[in-house]
Amino acid sequence: MSKRCHEVDYEIIGESMQLVEVELDPGETVIAEAGAMTYMEEGISFEARMGDGSEPESGFFGKLMGAGKRVLTGESLFMTHFTNAGYGKRRVSFAAPYPGTILAIDLEQVGGELILQKDSFLAAALGTNVSMKFNRKLGAGFFGGEGFILQSLKGDGMAFIHAGGTLIRKQLQGETLRVDTGCLVGFTPGIDYDIQRAGSLKSMLFGGEGLFLATLQGHGTVWLQSLPFSRMADQIIAHAPSMGGSDRGEGSVLGGIGRMLDGR
């Protein structure tokens, strides 16, 4: 049976600030979130299109409906399609919008589908269907970091996702894993996802782990991130001068004088 997704080659470059370089044969295409491209070689053409291009015969209204679903996940109405319009192999690269790790996943090897939190998708081979997936459980919908709507990637080609900080892979064989809601990156369809209260009322209010935890149970793979963007953003905002933080150099003489004046 022939593959419906383009067969792209790739290389992940870097350690803590990674990018993925995708190699395209003539006529091959990779789709990506708007603004993810870092550089591209001569011969690569690009175009912003409505939808992911996985159903070319769907017509205008079909594409509009698919793009509208992406808007519900908080993503752009358009996706960028990068095509090798030359004669030899050409490369285009994509980088995550914040420090972290890029993971390349062959969707065919994980059963043809991957479920992600809404901002984890980076790029994929043309033919990959990128759509929303409702979480029917009220607990997960109201209190999960991902809300009712998750992203679903379907296909048989390569997909590239990114996570904040270090990426952790957990293989579940029927057991239950409890994680911070923001630390979830994605999971395979055999995993059941829900939200539960984080212990006693005292733990919820003073434990510092949030009011609710995500519970993942079943048979399959779960990917987690050590530094969710929301957690990093909270720290940056908390230390910003406009929010009462200090802009003085922590390791300098001026920084030391500033701390003395601040009473620190």
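This structure is a prediction, so every number in the text was calculated from the model and none was measured.

Q: What exactly am I supposed to notice about the overall build of the protein here?
A: In terms of regular secondary structure, the protein is built from five helices and 17 strands. Expressed as a percentage of the 264 residues in the protein, the buried residues total 44%. Long-range pairs, those at least 24 residues apart, make up 76% of the contacts in the protein with a sequence separation of at least 6. Accessible surface computed for the protein: about 14100 Å², of which carbon and sulfur atoms make up 56%.

Q: I tried to follow the sheet that holds strand β7 (residues 90-95) on my own but got confused; where do I start?
A: Across a sheet, strands are paired by hydrogen bonds formed along the backbone, either parallel or antiparallel in direction. Pairing within the open sheet is antiparallel, and its four strands lie in the order β1-β2-β7-β4. Looking at the sheet topology across the chains shown, the edges are occupied by β1 (9-13) and β4 (37-40). Between one strand axis and the next, the sheet turns by 20° as a mean value, whatever way the strands run. As defined by bridge partners, β1 adjoins strand β2 (residues 19-24) across five bridges and the pair is classed as antiparallel. Across the sheet, the residue bridging to Ile12 is Val20, located in β2.

Q: What is the right way to read the confidence of the model for the protein from this model?
A: Residues shown with low pLDDT carry predicted positions that ought not to be read at fine detail. Per-residue confidence for the protein averages 78 on the pLDDT scale, and 67% of its residues sit at or above 70. This model gives residues 248-254 a pLDDT under 50, and the stretch forms eight contacts once residues within four places in sequence are excluded.

Q: How should the side chain of Thr83 be read in this particular structure?
A: Its location among the elements puts Thr83 in strand β6 (residues 78-84). A relative accessible area of 17% means that Thr83 is categorised as buried. For Thr83, the side chain forms a polar contact with the side chain of Thr29, separated by 2.7 Å. Not counting chain neighbours up to four residues away, the residues in contact with Thr83 comprise Leu24, Gly27, Glu28, Thr29, Gly43, Ile44 and Ser45.

Q: Any chance you could explain the pattern of salt bridges here in plain terms?
A: For side chains of opposite charge, pairing can occur when their charged atoms come near one another. Going through the model one piece at a time under the given rule, you end up with six salt bridges. We note a salt bridge from Arg91 to Glu41, for which the minimum N-O separation is 3.8 Å. Placement of Arg91 in strand β7 and of Glu41 in the loop between β4 and β5 (44-50) is noted, with a sequence separation of 50 residues between them. Overall, Arg91 belongs to the partly exposed group, its relative accessible area being 29%. The network of salt bridges with shared partners includes Glu21, Glu23, Asp25, Glu41, Lys89 and Arg91.

Q: What exactly am I supposed to notice about the packing of aromatic side chains here?
A: We describe a pair of aromatic rings using the distance from one ring centre to the other and the angle between the two ring planes. Counted by the stated rule, this structure contains four aromatic pairs. The rings of Phe46, Phe82 and Phe94 are connected pair by pair, giving a single aromatic cluster.

Q: Please clarify how the environment of Gly86 should be interpreted in this entry.
A: On the secondary structure map, Gly86 appears in the loop between β6 and β7. Not counting residues up to four positions away in its chain, the partners in contact with Gly86 are Pro26 and Gly43.

Q: Honestly, the sheet that holds strand β13 (residues 158-164) in this entry has me stumped. Any pointers?
A: Read across the open sheet, the six strands follow the order β5-β6-β3-β10-β13-β8; overall the sheet is antiparallel. The outermost strands of the open sheet, each flanked by one partner alone, are β5 and β8 (100-106). Ignoring strand direction, the axes of neighbouring strands in this sheet form an average angle of 20°. Pairing analysis gives seven bridges linking β5 to β6, with the strands arranged antiparallel. Bridge pairing links Met50 to Phe78 in β6.

Q: What's the story with the nonpolar core in this structure? I'm lost.
A: Nonpolar side chains in soluble globular proteins generally cluster together in the buried interior. Formed by 19 residues in total, the largest nonpolar core has its most connected members in Val22, Val30, Phe94 and Phe160. Beyond its immediate chain neighbours, meaning those up to four positions away, Val30 contacts Val22, Leu24, Thr80, His81, Phe82, Val92, Phe94, Ala123, Ala124, Ala125 and Leu126. Core analysis: the next-biggest nonpolar cluster, separate from the first, contains 17 residues, Met79, Ala124, Leu126 and Leu153 among them.

Thresholds applied
- Residues numbered from 1 in each chain as written.
- Predicted model: local features only at pLDDT ≥ 70, side-chain atom pairs only at ≥ 80, totals over all residues.
- Heavy atoms only, no water.
- Helix = DSSP H or I, 4+ residues; strand = E, 2+ residues; numbered from the N terminus.
- Buried < 20%, exposed > 50% of the residue type's maximum accessible area, 1.4 Å probe, protein only.
- Contact = heavy atoms within 4.5 Å.
- Areas by Shrake-Rupley, 256 points an atom, 1.4 Å probe, with all protein chains shown as cover.
- Pairing = 2+ DSSP bridges.
- Axes fitted to C-alpha atoms, helices over the stretch in contact; angles between N-to-C directions.
- pLDDT = per-residue confidence, 0-100.
- Polar contact = N/O pair within 3.5 Å; in protein donor to acceptor, adjacent residues only side chain to side chain.
- Salt bridge = Lys/Arg side-chain N within 4 Å of Asp/Glu carboxyl O.
- Phe/Tyr/Trp six-rings, centres within 6.5 Å; stacked < 30°, edge-to-face > 60°.
- Core = buried A, V, L, I, M, F, W, Y, C linked by side-chain atoms within 4.5 Å.

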